[in-house]
Amino acid sequence: MKLRLLTLGQRMPAWVTDASRTYQARMPREFPLEVVELKAAPRQDGRTRTQLLAREADDLLAALGNTPFHALDERGALWTTLELAGKLEQAQQAGDSLAFVIGSADGLHPLIFEHSRAPLALSRMTLPHGLARVLMVEQLYRAVMILKGHPYHRDS
């Protein structure tokens, strides 16, 4: 099963890149994780927010192809790590790859939500893009470790 994290925005601080690569390297062979950085639409050319998001949506959908995905949005469902592991297991059993999408500073176009499986929230708070990326990569790693039978946390 291939996992992908598509992000709009490049040139993340070193701590974001380092943390993401650390968790990517830890992923087992049967769950490779690819982080795809797409360029956000330029904000200086006078286009409206809707026009910018529409261009980014086109880029995201082209990069995703037929891969099922969950868009990250603070209005999405709040899953536990165990629930995320369950979603990964369902996709794996169906023979699907699965992707997750983080929008630009302006969010995501409604078209992305129309194509998305249930949108997912990491928090109800607005998170900086880099932090959202690191959190998502770490949670994918943790969910995969649960599926591999590694202890998730200490249950009392």
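Residues numbered from 1 in each chain as written. Predicted model: local features only at pLDDT ≥ 70, side-chain atom pairs only at ≥ 80, totals over all residues. Heavy atoms only, no water.

Student: Can you help me understand the layout of surface pockets in this one?
Tutor: In this structure, the largest pocket encloses a volume near 500 Å³. As for the largest pocket, its lining consists of 24 residues, of which Leu72, Glu74, Ser104, Thr126 and Leu127 are closest to the centre. Per element, the largest residue contribution to the lining of the largest pocket is four residues, and it comes from strand 3 (residues 69-78). Here the residues of the lining of the largest pocket are counted per class, giving 13 nonpolar, six polar and five charged. (1 Å grid on protein atoms, 1.4 Å probe; cavity = no way out; pocket = protein on both sides within 12 Å on 5 of 7 lines; lining within 4 Å. Points joined across faces, edges and corners; volume = space filled by probe spheres on them. Helix = DSSP H or I, 4+ residues; strand = E, 2+ residues; numbered from the N terminus. Nonpolar A, V, L, I, M, F, W, Y, C, P; charged D, E, K, R; others polar.)

Student: Honestly, the sheet that holds strand 4 (residues 98-102) in this entry has me stumped. Any pointers?
Tutor: The pairing of strands in a sheet comes from backbone hydrogen bonds and takes either a parallel or an antiparallel form. If you walk across this open sheet you meet the five strands as 2-1-4-3-5, and the pairing is parallel. Looking at which strands have only one partner, the edges of the open sheet turn out to be strand 2 (33-38) and strand 5 (117-121). Adjacent strand axes in the sheet meet at a mean angle of 35°, parallel and antiparallel pairs treated alike. Two strands pair when backbone bridges link them, and strand 1 (residues 3-8) and strand 2 are joined in this way by six bridges, in the parallel orientation. The residue of strand 2 that forms the bridge with Arg4 is Glu34. Against the sheet, helix 2 (residues 49-64) engages strand 1, strand 2, strand 3 and strand 4, with an angle of about 160° to strand 1. (Pairing = 2+ DSSP bridges. Axes fitted to C-alpha atoms, helices over the stretch in contact; angles between N-to-C directions. Contact = heavy atoms within 4.5 Å.)

Student: I tried to follow the nonpolar core on my own but got confused; where do I start?
Tutor: Grouped together as the largest cluster of nonpolar side chains are 25 residues, with contacts concentrated most on Leu3, Leu84, Leu88, Phe100 and Met136. Every element with two or more residues in this core is listed here: strand 1, helix 3 (81-93), strand 4 and helix 5 (129-147). Of all the elements, helix 5 adds the most residues to this core, at nine residues. When near neighbours in sequence (up to four residues on either side) are disregarded, Phe100 contacts Arg4, Leu5, Leu6, His70, Leu72, Trp79, Leu84, Leu88, Leu120, Met136 and Leu140. The next biggest cluster of nonpolar side chains, apart from the first, holds 13 residues, and it includes Leu8, Leu38, Leu60 and Val101. (Core = buried A, V, L, I, M, F, W, Y, C linked by side-chain atoms within 4.5 Å. Buried < 20%, exposed > 50% of the residue type's maximum accessible area, 1.4 Å probe, protein only.)

Student: Before we go on, may I ask you to explain helix 5 in this structure?
Tutor: An α-helical turn contains 3.6 residues, so any two residues separated by three or four positions project in the same direction. Along its 19 residues, helix 5 runs 27 Å from first to last C-alpha, staying within 8% of the 27 Å computed at 1.5 Å per residue. By the criterion of burial, helix 5 is predominantly enclosed, with 15 of the 19 residues buried. (Expected span 1.5 Å × (residues − 1).)

Student: Sorry, what's going on with helix 1 (residues 14-26) here?
Tutor: Here helix 1 is 13 residues long and its end C-alpha atoms lie 18 Å apart, about the 18 Å a rise of 1.5 Å per residue gives. Looking only at helix 1, the buried set comprises Val16, Ala19, Ser20 and Tyr23. Buried residues of helix 1, seen end-on, are gathered within an arc of 95° and therefore sit on one face of the element. In helix 1, the exposed positions that point more than 90 degrees away from the buried face belong to Ala14, Arg21 and Ala25. On its buried side, helix 1 packs onto helix 5. (Arc of directions from axis to C-beta.)

Student: How should the packing of helix 3 against helix 5 be read in this particular structure?
Tutor: The packing of two helices is summarised by the inter-axis angle and the distance between the axes. Close contact between helix 3 and helix 5 brings their axes to 8 Å; oriented N to C, the two are set at 70°. Our classification of the angle between helix 3 and helix 5 gives roughly perpendicular. Facing helix 3, whose interface residues are Thr81, Leu82, Leu84, Ala85, Leu88 and Glu89, helix 5 presents Met136, Gln139, Leu140, Arg142, Ala143, Val144, Ile146 and Leu147. Of the residues contributing to the contact of helix 3 with helix 5, the split by class is ten nonpolar, two polar and two charged. (Parallel < 35°, antiparallel > 145°, perpendicular 65-115°, else oblique.)

Student: How should I be thinking about the pattern of salt bridges in this particular structure?
Tutor: Note that side chains of opposite charge can pair when their charged atoms are close. For the structure shown, the criterion picks out nine salt bridges. Of the charged contacts, one joins Lys2 and Glu34 as a salt bridge, the two residues approaching to 3.3 Å between their closest N and O atoms. Of this pair, Lys2 sits in the segment before strand 1 while Glu34 sits in strand 2, placing them 32 residues apart in sequence. Overall, Lys2 belongs to the partly exposed group, its relative accessible area being 40%. (Salt bridge = Lys/Arg side-chain N within 4 Å of Asp/Glu carboxyl O.)

None of the figures reported here should be taken as evidence of function without further support.
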